[in-house]
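Chain residues, written in single-letter form:
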Amino acid sequence: MLNKSKLALKSFFISMAVFTIVCAGYYLLSVSKTDGHYIYLIDDAYIHLAMAKNFALHEVWGVTKYKFSSTSSSPFFTYILSLLIKVFGNTDRFSLYVNIAFSFGTVYFLSWYFSGIFSNAKYIVISVLFTLFFSVLHLQVLSGMEHVFHVFLFVLNIYCLSTIKNKFSLAGFYLSLLLMGLVRFESMFYFVTLAFVFALMKKWKETFLVLITGFIPIVFFCWFNFQQDGYLFPNSVIVKGTKLSFNSNLPHQLKAIFLDNFLLNVSFYKVGFFPIVLSAIFIIRNSKGKNFQDIIRGNFLLIVISLLMIFHSMFADLKGMFRYEAYILTGFSMALIPKLKGLFENFRSYIKKEKLIAGIVLINIFLLIYKFAFAHKMLENGGKNIYEQQIQSAKFLHTYYNESKVVANDIGAITYFTDIQLLDTAGLGSLETIVFNENKRVPDAEFQNFLTRYTSNNRYDIAVIYDAWLHNNIPGNWKKAAELKINNPVTVARDKVSIYAVDQKNLEKLKENIRNFRWNRNIEVTVVK
């Protein structure tokens, strides 16, 4: 029998080998469709890179080098990229390299965590791989976003919480809390939930330490952000987050939170409902003959993760490659698999005895298969979509309008690969348009009038936008020059991008540039006559 250390390391190497093979296979599949260049699956990855580039090279925290913009939803992840660019030079591969490093760390600590549950390497490997693919981590690694870092910190936090008896685990627990909020702001739900459950146990010291440690870095960032643009949080949180204000609109807001986001949200039932049901069964069974404190203590992690899932559903997003909830799905695996130890070690007798639990586990396995199939679709054509749409648009702008004033609504690649001056209609990269986008406001005639005046007064040159994102509220002084259409859109919002001349004097020159540019062969370019 291997000791725990050797068992954990053996399981780590096996799990990491399998996970690496899966990621490498999808990497090669992607580059085979993008002329040998690895392209991230979503344009948002290039937002981090654009901000990191500008901070490293121009000391400007912004999506362009000209002014501050709080566009990054993950300040610490972006800062790490900026350090790498500062030291090693500018390359878009850094996001992938950082994700690979944190995926190794995630597998390492998962292997140690489950080696404390099982004494057989086979069961540890199965547990680790289930956790990785249940949270669709291979998709997160190749997306180039901050979610792998977030999952790593979450795994480290739970692992340290499970071994909190020594000073190193205590330091790891609070250090991971300290960093977590600046990697994803949804971590605030975890801080509050964790503190709440500690409070139920009357552990007041832990309650206050969790809140203070988690929120202090966020408070400092919010103070800094407010000094720059008058908002506490990054633009993406302001624009996409659920806002609760106590005014005449409160009933509608409560409906959105409790019904639209939670109870009537199909994504919640795909992601969180069945793990919560399974957790509830274990909590109820473990409650018989025990007092309240013992119930909380014996089901601590199940209660924390279940409440976290509910709060996240109500106030955050449950969509977009499962990336926002990846950390919660990882937490569910770490909370539930120890309770299912008998299923691993005595499979046949367990399913005969526990038909209800076995049925719910089977549903979760089907959900894993569903998510794996969804990830396959994204990984197969996601990079190709971005390469044909956003990367080609960026190359066109770099060739003819590299330092021009450009209106856009997908801003990652075009700001990373160029030095354009940007007006972002979606509000992520421009302070001026946040008011028209916050709290998920739909573009209207007022926004159309603003765009007409602002782009004319500030002499913008061209616009590269999805018409549908403006709900056809296109300023009358913009003249369409061309449409760019791709096939099989998977990770882009629309299959068609429109290019407009904002300054009508440049319309014919813009059309000429579009005709002369060497577009990717898969793009259908239609110049307006």
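J.: Describe the overall build of the protein, naming the residues involved and giving the relevant values.
T.: For the protein, the helix and strand inventory stands at 23 helices and six strands. Its C-alpha atoms give the protein a radius of gyration of 24 Å, near enough to 24 Å, the size a compact globule of 529 residues would have. Each of the three principal axes of the protein carries a C-alpha extent, and together these read 80 × 55 × 45 Å. Expressed as a percentage of its 529 residues, the buried residues of the protein come to 56%. Contacts in the protein between residues at least 24 apart in sequence constitute 70% of all its contacts with a sequence separation of at least 6. Surface summary for the protein: the accessible area is close to 22600 Å², and the carbon and sulfur share equals 63%. Positive and negative charge centroids in the protein, built from 53 and 33 side chains respectively, lie 11 Å apart.

J.: Report on the sheet that holds strand S4 (residues 479-485), specifying residues and quantitative values.
T.: Strand order across the open sheet formed by six strands is S2-S1-S3-S5-S4-S6, with mixed pairing between neighbours. On the outer flanks of this sheet lie strand S2 (421-424) and strand S6 (524-527), each paired with one strand and no other. Taking each pair of neighbouring strands and ignoring which way they run, the sheet shows an average axis angle of 20 degrees. Where strand S3 (residues 462-465) and strand S5 (residues 496-501) come together, four bridges link them in antiparallel fashion. Bridge pairing links Ile462 to Ala501 in S5. Of the strands in this sheet, S3, S4, S5 and S6 touch helix H23 (residues 507-516), which is tilted by about 15 degrees from S4.

J.: Help me get a handle on helix H2 (residues 44-58), residues and values and all.
T.: The end-to-end C-alpha distance of H2 is 21 Å, a good match for the 21 Å that 15 residues give at a rise of 1.5 Å each. With 11 of its 15 residues buried, H2 lies for the most part within the structure. Buried residues of H2: Ala45, Tyr46, Ile47, His48, Leu49, Ala50, Met51, Ala52, Lys53, Asn54 and Ala56, and no others. On its buried side, H2 packs onto helix H3 (75-88), helix H4 (94-115), helix H6 (137-143), helix H20 (355-400) and helix H21 (412-416). One or two residues past the end of H2 sits Glu59, with phi positive at roughly 55 degrees.

J.: Please provide a residue-by-residue account of the packing of helix H7 (residues 147-162) against helix H17 (residues 326-336), values included.
T.: Between H7 and H17, the shortest axis-to-axis distance is 9 Å and the interhelical angle comes to 30 degrees. With respect to H17, the axis of H7 lies roughly parallel. For the element pair H7 and H17, the recorded crossing hand is right-handed. Contacts between H7 and H17 involve His150, Val151, Phe154, Val155, Ile158 and Tyr159 from the first element and Ala326, Tyr327, Thr330, Gly331 and Met334 from the second. For the contact of H7 with H17, the residue count by class is eight nonpolar, three polar and no charged.

J.: How would you sum up the pattern of salt bridges? Please name residues and give values.
T.: A full pass over the atoms with the stated rule returns 15 salt bridges. Between Arg184 and Glu186 there is a salt bridge whose closest N-O contact spans 2.7 Å. Exposure class is identical for Arg184 and Glu186. Each is buried. If you follow the salt bridges from partner to partner, you end up with Asp467, Lys480, Glu483 and Lys496 in one network.

J.: Could you give an account of the packing of aromatic side chains, with specific residues and numbers?
T.: Two numbers describe a pair of aromatic rings. These are the distance of the centres and the angle of the planes. With the rule as written, the count across this model stands at 57 aromatic pairs. A ring pair is formed by Phe517 and Trp519, whose centres lie 4.7 Å apart and whose planes are at 75 degrees; its orientation type is edge-to-face. Each member of the pair Phe517 and Trp519 is classed as buried. Here the aromatic residues Phe12, Phe13, Phe76, Phe102, Phe104, Tyr108, Phe109, Trp112, Phe149, Phe152 and Tyr159 are joined through ring pairs into a cluster of three or more. In this arrangement the basic side chain of Lys371 is found over the ring face of Phe322, its NZ or CZ atom lying 5.9 Å from the centre. The ring of Tyr460 carries Lys405 above its face, with NZ or CZ at 5.8 Å from the centroid.

Calculation criteria
- Residues numbered from 1 in each chain as written.
- Predicted model: local features only at pLDDT ≥ 70, side-chain atom pairs only at ≥ 80, totals over all residues.
- Heavy atoms only, no water.
- Helix = DSSP H or I, 4+ residues; strand = E, 2+ residues; numbered from the N terminus.
- Rg over C-alpha atoms; globule rule 2.2 N^0.38 Å.
- Buried < 20%, exposed > 50% of the residue type's maximum accessible area, 1.4 Å probe, protein only.
- Contact = heavy atoms within 4.5 Å.
- Areas by Shrake-Rupley, 256 points an atom, 1.4 Å probe, with all protein chains shown as cover.
- Lys, Arg positive; Asp, Glu negative; His and termini not counted.
- Charge placed at Lys NZ, Arg CZ, Asp CG, Glu CD.
- Pairing = 2+ DSSP bridges.
- Axes fitted to C-alpha atoms, helices over the stretch in contact; angles between N-to-C directions.
- Expected span 1.5 Å × (residues − 1).
- Parallel < 35°, antiparallel > 145°, perpendicular 65-115°, else oblique.
- Left-handed = near helix turned anticlockwise from the far one by under 90°.
- Nonpolar A, V, L, I, M, F, W, Y, C, P; charged D, E, K, R; others polar.
- Salt bridge = Lys/Arg side-chain N within 4 Å of Asp/Glu carboxyl O.
- Phe/Tyr/Trp six-rings, centres within 6.5 Å; stacked < 30°, edge-to-face > 60°.
- Lys NZ or Arg CZ within 6 Å of the ring centre and 35° of its normal.

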